[in-house]
Structures are given as C-alpha cells and as structure tokens.
Amino acid sequence: QVQLVESGGGLVQPGGSLRLSCAASGFTFNSAAMNWYRQAPGKERELVATIASAGGRTNYADSVKGRFTISRENAKRTVYLQMNSLKREDTAVYYCNAFIFPSQFYWGQGTQVTVSS
C-alpha cells in the first residue's frame, strides 16, 4: 500500500521558516522523482519544487527560487521542503507527490501552510 505522509505545516509569520517532510512507503522510493505541489484557495494546484530520483537535479517554480530548498534522504525514504522568507502568498495546502516513469503518480493528503501576522 502506497503512502505519502506530509508533516511540518502550520502557522508562521511573514519572513519566517518552515520545514515540510514527506515520509514514503509502499513503492521503490529510490526510483521516484519527488515533487512538492501547492494549492491555494480558488487556485489551481501548482508545482513548487522537484528533485530527481538520484537526488542530484532540482527544479523550482520562479515564485520560490532562492527561498525554498527541496532535498531527499533515500535511506529514510523521506523528502523535505525547507521554506525560508515565507510570504503571505505562500499560504496553501502543500502536497507531496511521487512520480515513477512512465506513469505512476502518488499523492499525499496535504499539509496546510498559513503565512500570516
């Protein structure tokens, strides 16, 4: 049974930091590209960050470049999203996603991040 369990969301003031974690089970984690998406109220889900299965290559949405960092620990089957200099517009539900070529997609249940003073 595939599971992706996110944690680390919460309420933070503008300029603050949060670290999201996603613990994976039930599939070959080392073979999966791992992604973080987010969805704000009334908006479509958007890709925030991605990291290749080997962990070397990362990519970010322009809106978070220089502020967010994605990383993974294959031994722990966990992917992280370090979020710094948070802005109100970062408020969203953040979802962990696993992609295994050619067509396997798995989703977590999401974790709420609220940036507010």
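Attention here is on the structure that accompanies the text. By convention here, each chain's residues receive numbers from 1 onward along its written sequence. At least 70 in pLDDT is required for a residue's local features to be given in this predicted model, at least 80 for side-chain atom pairs to be given and counted, and no such filter applies to totals for whole chains, interfaces and linings, which use all residues. Calculated side-chain values reflect all of the structure's heavy atoms, with hydrogen atoms and water omitted.

**Here's the deal with the overall build of the chain**
A run of H or I in DSSP counts as a helix once it spans at least four residues, and a run of E counts as a strand once it spans at least two, with each numbered from the N terminus. Looking only at helices and strands, the chain has zero helices and 11 strands in total. A globule of 117 residues ought to have a C-alpha radius of gyration of about 13 Å, and the chain, at 13 Å, matches this closely. Relative accessibility under 20% of the residue-type maximum defines a buried residue, over 50% an exposed one, and the middle range a partly exposed one, all with a 1.4 Å probe and only protein chains included. Expressed as a percentage of its 117 residues, the buried residues of the chain come to 43%. Any two residues whose heavy atoms approach within 4.5 Å at even a single point are treated as in contact. Considering only residue pairs separated by 6 or more positions, the chain has 53% of its internal contacts joining residues 24 or more positions apart. Carbon and sulfur atoms make up 48% of the accessible area of the chain, which amounts to about 6,200 Å² in all. Across the chain, 12 positive and 7 negative side-chain charges occur, with their mean positions spaced 5 Å apart. C-alpha atoms define the radius of gyration in this analysis, and the globule rule sets the expected value at 2.2 Å times the number of residues to the power 0.38. Reported accessibility uses the Shrake-Rupley method at a 1.4 Å probe radius. Residues are deemed covered only where the shown protein chains occlude them. In this tally, Asp and Glu contribute negative charge and Lys and Arg positive charge; neither His nor the terminal groups of the chain are included. For this purpose, a charge sits on NZ of Lys, CZ of Arg, CG of Asp or CD of Glu.

**With respect to the side chain of Arg 38**
For Arg 38, the position within the fold is in strand E4 (residues 33-39). Among the polar contacts made by the side chain of Arg 38, one reaches the side chain of Ser 63 at a distance of 3.4 Å. Polar side-chain contacts of Arg 38 include one of 2.9 Å to the side chain of Asp 90. Polar contacts, as used here, are pairs of N or O atoms within 3.5 Å; protein pairs need one atom able to donate a hydrogen and one able to accept it. Residues neighboring in sequence count only if both atoms are side-chain atoms.

**Description of the pattern of salt bridges**
Every case where a carboxyl oxygen of Asp or Glu lies within 4 Å of a side-chain nitrogen of Lys or Arg is listed as a salt bridge. All chains considered together, the criterion is met by five salt bridges. Residue Arg 38 pairs with Asp 90 through a salt bridge whose shortest N-O separation is 2.9 Å. A residue pair is termed long-range when its members are at least 10 positions apart, and Arg 38 in strand E4 and Asp 90 in the loop between strand E8 (78-83) and strand E9 (92-100) qualify at 52 residues. Each member of the pair, Arg 38 as well as Asp 90, carries the same accessibility label: buried. For the salt bridge of Glu 73 with Lys 76, the shortest nitrogen-to-oxygen distance reads 3.9 Å. Taking the relative accessible area as the measure of exposure, Glu 73 reaches 32% and is therefore partly exposed.

**Observations concerning the packing of aromatic side chains**
In this scheme Phe, Tyr and Trp rings, the latter by its six-membered ring, pair at centre separations within 6.5 Å, and the angle between planes marks the pair as stacked below 30 degrees, edge-to-face above 60, and tilted otherwise. Inspection of every chain in the model, using the stated rule, returns five aromatic pairs. Here the aromatic rings of Phe 27 and Phe 29 are separated by 6.4 Å at their centres, their planes lie at 45°, and the arrangement is tilted. Judged by its relative accessible area of 1%, Phe 29 falls in the buried class. Site record: aromatic cluster; members linked through ring pairs are Phe 27, Phe 29 and Tyr 106. Distance and angle both matter: a charge sits over a ring if NZ of Lys or CZ of Arg is within 6 Å of the ring centre and within 35 degrees of the ring normal. Taking the ring centre of Tyr 80 as reference, the NZ or CZ of Arg 19 above it sits at 4.0 Å. The ring of Trp 107 carries the charged tip of Arg 45 above its face, separated from the ring centre by 4.7 Å.

**Some points on the pairing of strand E11 (residues 111-115)**
Side-chain alternation along E11 places Thr 111, Val 113 and Val 115 on a buried face and Gln 112 and Thr 114 on a face that remains uncovered. Pairing between strands is defined by DSSP: at least two bridges between them are needed. Bridging between strand E2 (residues 10-12) and E11 involves three bridges; their strand directions are parallel. By the bridge assignment, Val 12 is partnered in E11 with Val 115. Across three bridges, E9 lies against E11 in antiparallel orientation. Looking across to E11, one finds that Ala 92 is bridged to Val 113.

No statement about biological role is implied by the geometric values presented.
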